[in-house]
Amino acid sequence: MRWWDIGPVLELEHDLFPEDAWSAGMFWSELAHARGPRATRRYVVAEDASGRLVGYAGLAAAGGLGDVQTIAAARDQWGTGLGARLLTDLLQHATAFECDEVLLEVRVDNTRAQKLYERFGFEPIGFRRGYYQPGNVDALVMRLTVQGTETDSDGC
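These figures come from a predicted structure and were not determined experimentally. (Residues numbered from 1 in each chain as written. Predicted model: local features only at pLDDT ≥ 70, side-chain atom pairs only at ≥ 80, totals over all residues. Heavy atoms only, no water.)

S.K.: Please provide a residue-by-residue account of the overall build of the chain, values included.
M.R.: Within the chain one finds 4 helices and 6 strands. Secondary structure elements of the chain occur, N-terminal to C-terminal, as α-α-β-β-β-α-β-α-β-β. A compact globule built from 156 residues would reach a C-alpha radius of gyration of about 15 Å, and the chain, at 16 Å, matches this within 12%. The C-alpha extent of the chain, read off along each of the three principal axes, is 50 × 35 × 30 Å. In the chain, which comprises 156 residues, the share counted as buried stands at 44%. Restricting to contacts in the chain with at least 6 residues of sequence separation, those with at least 24 account for 54%. Accessible surface computed for the chain: about 8,800 Å², of which carbon and sulfur atoms make up 50%. (Helix = DSSP H or I, 4+ residues; strand = E, 2+ residues; numbered from the N terminus. Rg over C-alpha atoms; globule rule 2.2 N^0.38 Å. Buried < 20%, exposed > 50% of the residue type's maximum accessible area, 1.4 Å probe, protein only. Contact = heavy atoms within 4.5 Å. Areas by Shrake-Rupley, 256 points an atom, 1.4 Å probe, with all protein chains shown as cover.)

Okay, here's the thing in structure tokens:
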């Protein structure tokens, strides 16, 4: 994702998350940490054949922990595998960022997204009550241990 993607991303963001959409400032802030040798973020966009932005995703990484900040696919892309491709990109970068675990929050009423995350091996570990505002919707917190970072039985 680059600065010129923020406008189309916001359009999609407001369509998909009308109550709790991110602001332009939130995306600008994240992108400020996504470039250069000390980057701690990965943000990507997906376009269809006509060049229309149809999805985006973002990951933050620090101290061996990754956090899926956002992931979205346009409604007409649901069921096409776009969400899985975006998540795959983020998880590949979690490995590049040397993350041992990746966390995410997902609305408790978004079972479609929860099923995607479960297919990738994410497991529920708790809830954040009233996380999504102003609707006061709870978030399910999920965690994935990144493959290849587990210790073996002797702790090495």
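That shown, we press on.
S.K.: Can you explain the pattern of salt bridges? Please cite residues and give values.
M.R.: If the charged atoms of two oppositely charged side chains come close together, the side chains can form a pair. A full pass over the atoms with the stated rule returns 10 salt bridges. Connected through salt bridges with shared partners, the residues D20, R107 and D109 form a single ionic network. (Salt bridge = Lys/Arg side-chain N within 4 Å of Asp/Glu carboxyl O.)

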